[in-house]
Amino acid sequence: MTQLDNNITKAKAYLARFEGSGVMNQIGGKAQPALSGASFDNHSPVDETFLCKVARSGAKDIDAAAKAAQAAFAEWRDMPLANRKKILHKIADAIEARAEEIAFAECLDTGQPLRFMSKAALRGAENFRFFADRAPSARDGQSLPSLTLMNVTTRTPIGPVGIITPWNTPFMLSTWKIAPALAAGCTVVHKPAEFSPITARILMEIAEDAGLPPGVWNLVNGFGEDAGRALTEHKLIKAIAFVGESRTGSMIMKQGADTLKRVHFELGGKNPVIVFDDADLDRALDAAIFMIYSLNGERCTSSSRLLLHKSIAAEFIEKLASRVNNIRVGHPLDPETEIGPLIHKEHYDKVCSYFDIAKQDGATIAAGGKAPQGKGFFVSPTLFTEASPDMRIAQEEIFGPVLTTLTFETEEEALEIANGVDYGLTAYVWTQDITRAMRFTDKLEAGMIWVNSENVRHLPTPFGGVKASGIGRDGGDWSFEFYMEQKHIGFATGAHAIPRLGA
Ligand code: NAD
């Protein structure tokens, strides 16, 4: 038996528990199907086989979950902070203990390669530990005395919140959004993506097994247009933390308007990596390849536009093309695989449509540009060259293992191209000139920038985008700013003069 056969057998054994009742909702601590009894089928992107049924929920399920979250709120908010911290650490311990199950389930459900997913659970556990340690200080405020008043600020959790996550690295992203909400003292209704529901269910079960009181974390599965929409419109839900496409963010903002929802959006990107002629080109090459071809290119922070200085472009592209042609596409559970199948047919069709768009617009396909025959949503890692900044392949988020290269002559031109898109999530700059790096990063329109580095996440730093890439920041204390209300209280320190009307 090969390692792959072995992994497939194990993965199927882990998923066997979802045969029969499928992936259920969890409301007020109880596993339940959708109240209407409706469900939908979840297929694997690897070979399109049936994986499990999933509860297809609607407004009634969301209403029950929001009420459960409201009922659990006071107890969770008022729990001694040391206890809250302990529970969140226990969740992290349990995630680590089930790391293999989580990784294997994620691979089969999303098509993400094991080489990356084997760390997904550890990253998720790290998110819980980071916010667990901050839970005791979540309520902290400032003392801002004036002449007549002792002004203090304090923070209180905003209430039950809705969290809506996408299908790319769904486990890691769910922990990233839910851990700070719980640490802040909020209760949660989570609506995971319809295309990747399995690990969200495992995560929620882990949390309740670790001692999270019933109703603090409710899980409602279903489609965006019904369950997702109802969540954003529910009166008891005070805020929506959303990760997904920019146009969905815009819809959510409209949907939440009547109930004045606070929103936090982590949206799409068309992130540039800019390589100047003085850069360490070998390292820049490794980083550019990693940032677009890892995680199947289904990564919001992927470096999907490569801007090369003209003097180095030809040689850089030659090396790049030969590396791209070497990338191993295969079964996500094969430890050798570097790129697995895309999440679903609709997304696969969208990514493949850019092969024709590139040709029609006059770009060159220097590698890939095709989909291997057979079952599953596999595409070859693709490289577009001879592109210009106004082409669709240089403007639109493709969200697959597809890189567009562009060239520039001057720093000003590089900046104009880099900023010339609707998005502004991340940017990557390669140069040995520190003065240029400072000048250039100051003008770049992006929420997160790395200089001479790939994306290396450091949890205390702010995560988020500008322009169509998002609103708000996560990480460090920024997460608490979103999930909590600031309160100011002024205590008079004496008998200061109060204006006397009608006296
Ligand atoms: P999507 O917007 O289609 O769906 C995301 C979630 O929103 C799903 O759970 C979906 O059911 C729900 N949804 C859809 N319509 C809704 C509606 N009207 N009301 C409420 N909920 C609704 O996104 P996707 O295709 O699942 O994910 C890929 C996108 O996510 C990409 O654009 C990617 O860049 C982005 N993303 C951004 C970040 C970031 O941090 N900026 C991180 C990961 C992914």
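This write-up is about the structure you can find in this document. (Residues numbered from 1 in each chain as written. Predicted model: local features only at pLDDT ≥ 70, side-chain atom pairs only at ≥ 80, totals over all residues. Heavy atoms only, no water.)

### A few points about the sheet that holds strand 17 (residues 426-430)
Piece 1. Strand order in this open sheet of 7 strands is 13-14-15-12-11-17-18, and the pairing throughout is mixed. Of all the strands in the sheet, the pair left with one neighbour each is strand 13 (364-367) and strand 18 (448-451). Each strand axis lies, on average, 20 degrees off the axis of its neighbour in the sheet, ignoring direction.
Piece 2. Bridge analysis of strand 14 (residues 382-385) against strand 15 (residues 402-408) gives 3 bridges, and the strand direction is parallel. Following the sheet pairing, Leu383 is matched in strand 15 by Leu403.
Piece 3. The strands touched by helix 12 (residues 310-326) are strand 11 (272-275), strand 12 (305-309), strand 13, strand 14 and strand 15; relative to strand 12, the strand with the most contacts, the crossing angle is about 140 degrees.
Piece 4. Of the strands in this sheet, strand 11, strand 12 and strand 15 are in contact with helix 15 (residues 411-419), which crosses strand 15 at around 150 degrees. (Pairing = 2+ DSSP bridges. Helix = DSSP H or I, 4+ residues; strand = E, 2+ residues; numbered from the N terminus. Axes fitted to C-alpha atoms, helices over the stretch in contact; angles between N-to-C directions. Contact = heavy atoms within 4.5 Å.)

### Concerning helix 12
Piece 1. Under the 1.5 Å per step criterion, the end-to-end length of helix 12 is 25 Å for 17 residues, consistent within 8% with the ideal 24 Å.
Piece 2. Helix geometry: helix 12 is bent most strongly at Phe316, by close to 30 degrees.
Piece 3. If you follow the buried residues of helix 12, they end up packed against strand 11, helix 11 (281-293), strand 12, strand 13, strand 14 and strand 15. (Expected span 1.5 Å × (residues − 1). Bend = angle between axes of the 7 residues up to and from the residue.)

### Regarding the site of the ligand
Piece 1. Contacts to the ligand come from 30 residues, most closely from Lys191, Glu194, Thr248, Leu267 and Glu397.
Piece 2. At a separation of 2.5 Å, an oxygen atom of the ligand approaches a polar side-chain atom of Glu194.
Piece 3. Measuring from an oxygen atom of the ligand, one finds a backbone N or O atom of Gly244 at 3.4 Å.
Piece 4. Burial of the ligand by the protein chains amounts to 93% of its free accessible area of 860 Å².
Piece 5. Contributions of two or more residues to the shell around the ligand are made by helix 9 (224-233), strand 9 (239-243) and helix 10 (246-255).
Piece 6. Considering only residue class, the shell around the ligand consists of 15 nonpolar, 9 polar and 6 charged.
Piece 7. Of the domains in this structure, domain 1 (3-137 + 150-267 + 469-488) and domain 2 (272-451) are the two that each give at least three residues to the shell around the ligand. (Near = heavy atom within 4 Å. Polar contact = N/O pair within 3.5 Å; in protein donor to acceptor, adjacent residues only side chain to side chain. Areas by Shrake-Rupley, 256 points an atom, 1.4 Å probe, with all protein chains shown as cover. Nonpolar A, V, L, I, M, F, W, Y, C, P; charged D, E, K, R; others polar. Domains from an automatic or database assignment.)

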